[in-house]
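Given next are the chains, with one letter for each unit.
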Amino acid sequence: MSESRLTTVDFAFLLLFCFIAYKFIVSRAARPRTTPLSGPPRQNIFLGASKTLHDASDASPIYEQWATQYGQVYSVPTPFGTSKTVLCDPKAIAHFYAKEGFGYVKLESSRAVIKAWFGRNVLWAEGEMHRRQRKALTPAFSNAAIRNLTSVFFDSAYKVGSKWDAILESSADGSKVIEVQKWMNGIALDSIGIAGFSYDFRSLEGVPTVLDSINFASGAAVFGLIVMVASQLPIAMKIPNKRNSMMKQLKVELSKVADQLLKKGKEGGLEHDKSIIGLLLKAESGDSDYRMAREDVIAQMSLLLLAGYETTSTSMTWCLIELCRNQGIQDRLREELSQFSSADPTYEQLTSALPYLDAVVHETLRTHPAVEETNRMAAEDDIVPLSAPIKTKNGDTVTSIFIAKGTVISIPIRGLNRSEEIWGADAKVFNPERWLAEDVLSKNAMQGHRHLLTFIDGPRTCLGKQFAIIEFKAALSVLIRNYKFDFESGKEDMDLGKFPGLIDRPKEMSADGPYVPLRVRHV
């Protein structure tokens, strides 16, 4: 055991030595440099400020404080004497996202992780390959396609209701403490299975799934350190660690599931269907504009299954937590939904006729984005325009900055979604009312879906955005019409921590896993 650890340490130090030597040589080359920017000091000789951000329970206030102190565009020290440029300026961010995929690309380390964990899918692809893969999948996420899937989302929520009804029947006072995150996982997984792949995982019926045996927190601390190093030294991703081993095993298992779904899809004649599985079968057969090899089709399926499961279930869990914290908001939402006592809302009603439901959902997406930060590398030299002048580290006042090829750019999504500069003095408060006001935002409003960066923006904006929003609204409408939620023992809040999965999930602080126990009773 000790021999294995020593080998890993030796390997890590060898990589570090090679990287420092490489950076020393490269630094001698004469080439344009990114505009020198002010920013926080280097807090760690090896890791810069990266460890401070990584160790914070919430890094968004740190980014916001730095923006206030150093300006809307600033530099943050990263491992081994390097730095990244942080953009908080709306005009700069719009420019950045407009060029994402061509002018700004994923870090080499990020692409290596995606390829190792899933394969060459739409998240991994860049440039023209990404455009063509996205085009092949887009029909499955059109408004017309999602309209036809709305009943699937309602059905999954009602399955949870039938299970909860059975649990509540055994309660003396008509209420029970239920770990809700598990059930939100079930809604998301069964919905993406049926809606996207014409397959019912039946997780809400207790059927075990491939995801049940995976401990996403395994090796998270070590993996986090490796990711910090790999942002500047991509080969560090090859350092043996539990998280990579676990995810490679998950890739094998998900590939088996995807392969089975493909076979069932062919047997069912789904090649001409507009669902995800139908479009992928068509791409594999070569009948579409973009032909995919079978391994690439399986990579798409694995990603879409896991992404559709993780993000939506986490958002719905956060929403229930916020509604427990804010009983008045929960009551008002229930009042709006009370008009649907004998029938569910239609797709059109979910989209535009329920303003308070829309407000609650988007306030959840604002305050708890699934992805907290975007990091990309400049693929070419660029000049980035600014909304307002800034002072550089040299004291010059500029209205644009030069970004040299190879510069790492960071967009602190959660920080910007909760920025007082953009959203006002109550930016940190869960307040759906803001979405009902005529003047929702300040003049510094971001672009993106409803001025949020939760779904990214530009040519790489989230493909499943509308799918996720309608699923969220449909499921929430069923749960709030039928059940009342609060914290156990009459508490006004819950002591929450983060569970490090593929994305961070909420958890009760004292729990080992991603458990969120809430008291549930019938309305």
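As shown above, the structure is provided for reference.
Residues numbered from 1 in each chain as written. Predicted model: local features only at pLDDT ≥ 70, side-chain atom pairs only at ≥ 80, totals over all residues. Heavy atoms only, no water.

### A closer look at the environment of Tyr-63
So, step 1. Topologically, Tyr-63 is positioned in helix H3 (residues 60–70).
So, step 2. What makes Tyr-63 buried here is its relative accessible area of 4%.
So, step 3. Spatially, the C-alpha atoms of Tyr-63 and Glu-108 are 24 Å apart, while their sequence positions differ by 45 residues. (Helix = DSSP H or I, 4+ residues; strand = E, 2+ residues; numbered from the N terminus. Buried < 20%, exposed > 50% of the residue type's maximum accessible area, 1.4 Å probe, protein only.)

### Observations regarding the sheet that holds strand E3 (residues 104–106)
So, step 1. The mixed open sheet is built from 5 strands, whose spatial order is E1-E2-E8-E5-E3. The open sheet is flanked by strand E1 (73–78) and E3, the only strands paired with a single partner. If you compare each strand with its neighbour and ignore which way they point, the axes differ by 40° on average.
So, step 2. The sheet contact formed by strand E5 (residues 374–378) and strand E8 (residues 408–411) spans 4 bridges and is antiparallel. The residue bridging Thr-374 from the neighbouring strand is Ile-411, located in E8.
So, step 3. Along the sheet face, helix H4 (residues 90–98) touches strand E2 (82–87), E3, E5 and E8 and points at about 120° away from the line of E8. (Pairing = 2+ DSSP bridges. Axes fitted to C-alpha atoms, helices over the stretch in contact; angles between N-to-C directions. Contact = heavy atoms within 4.5 Å.)

### Section: helix H5 (residues 108–117)
Residues spaced three or four apart along an α-helix face the same direction, because each turn holds 3.6 residues.
So, step 1. Taken as a whole, H5 has its buried residues at Ser-109, Val-113, Ile-114 and Trp-117. Looking straight down H5, one finds that the buried residues subtend no more than 135° of arc, so they occupy a single side.
So, step 2. On its buried face, H5 is in contact with E3, helix H9 (220–230) and helix H10 (242–267).
So, step 3. Phi turns positive one or two residues past the end of H5, at Gly-119, with a value near 120°. (Arc of directions from axis to C-beta.)

### As for the side chain of His-368
So, step 1. Within the secondary structure, His-368 sits in the loop between helix H15 (355–367) and E5.
So, step 2. Since its relative accessible area comes to 7%, His-368 is described here as buried.
So, step 3. The residues touching His-368, leaving out its near neighbours within four places in the chain, are Trp-318, Glu-322 and Arg-414.

### Quick word on the nonpolar core
So, step 1. Among the nonpolar cores identified, the biggest contains 149 residues, and Trp-164, Ile-401 and Leu-476 are the most heavily contacted of them.
So, step 2. Sorting elements by how many residues they give to this core places helix H12 (residues 294–325) first, with 15 residues.
So, step 3. Beyond its immediate sequence surroundings of up to four residues, Trp-164 is in contact with Ile-178, Val-180, Trp-183, Met-184, Leu-479, Tyr-483, Phe-485 and Val-520. (Core = buried A, V, L, I, M, F, W, Y, C linked by side-chain atoms within 4.5 Å.)

### With respect to the environment of Val-180
So, step 1. Inspection of the secondary structure puts Val-180 in helix H8 (residues 180–197).
So, step 2. On the basis of relative accessibility, which here comes to 0%, the residue Val-180 falls in the buried class.
So, step 3. In this structure the C-alpha to C-alpha distance between Val-180 and Ala-293, which are 113 residues apart in sequence, comes to 39 Å.

### Observations concerning the packing of H12 against helix H18 (residues 465–482)
Two quantities define a packed helix pair, namely the angle between the axes and the distance from one axis to the other.
So, step 1. Contact pair H12 / H18: the axes reach a minimum separation of 10 Å and the direction vectors enclose 40°. Of the possible angle classes, the one that applies to H12 and H18 is oblique. In this structure, H12 meets H18 at a crossing whose hand is right-handed. Residue-level inspection shows Thr-312, Ser-315, Met-316, Cys-319, Leu-320 and Leu-323 of H12 in contact with H18, the latter providing Ala-468, Glu-471, Phe-472, Ala-475, Leu-476 and Ile-480. (Parallel < 35°, antiparallel > 145°, perpendicular 65-115°, else oblique. Left-handed = near helix turned anticlockwise from the far one by under 90°.)

### Considering the pattern of salt bridges
So, step 1. Taken as a whole, this structure holds 33 salt bridges when the rule is applied.
So, step 2. Residue Arg-376 pairs with Glu-100 through a salt bridge whose shortest N-O separation is 2.5 Å. Pair noted here: Arg-376 is in strand E5 and Glu-100 is in the loop between H4 and E3, with a separation of 276 residues, a long-range link.
So, step 3. By relative accessible area, which is 12% here, Arg-376 ends up buried.
So, step 4. When its relative accessible area of 1% is taken as the criterion, Glu-100 is described as buried.
So, step 5. Asp-200 serves as the salt-bridge partner of Lys-159, at 3.4 Å between the closest nitrogen and oxygen. Of this pair, Lys-159 sits in helix H7 (residues 143–169) while Asp-200 sits in the loop between H8 and H9, and the two are 41 residues apart along the sequence.
So, step 6. Judged by its relative accessible area of 26%, Lys-159 is partly exposed. (Salt bridge = Lys/Arg side-chain N within 4 Å of Asp/Glu carboxyl O.)

### Section: the packing of aromatic side chains
So, step 1. Enumeration over the complete set of coordinates arrives at 11 aromatic pairs.
So, step 2. Between Trp-66 and Tyr-74 the ring centres are 6.3 Å apart and the planes differ by 80°, which places this aromatic pair in the edge-to-face class. Judged on exposure class, the residue Trp-66 and its partner Tyr-74 are both buried.
So, step 3. Residues Trp-423 and Trp-435 carry aromatic rings whose centres are separated by 5.5 Å and whose planes lie at 50° to one another, so their mutual orientation is tilted. Here Trp-423, found in helix H17 (residues 420–423), pairs with Trp-435, found in the loop between H17 and H18; they are 12 residues apart in sequence, far enough to count as distant. Taken individually, Trp-423 and Trp-435 each receive the classification buried, so the pair is uniform in this respect.
So, step 4. Members of the aromatic cluster, connected to one another through ring pairs, are Tyr-63, Trp-66 and Tyr-74.
So, step 5. Cation over ring: Arg-111 sits above Trp-124, and NZ or CZ is 4.3 Å from the ring centre.
So, step 6. When the ring centre of Trp-423 is taken as reference, the NZ or CZ atom of Arg-366 above it lies at 5.3 Å. (Phe/Tyr/Trp six-rings, centres within 6.5 Å; stacked < 30°, edge-to-face > 60°. Lys NZ or Arg CZ within 6 Å of the ring centre and 35° of its normal.)

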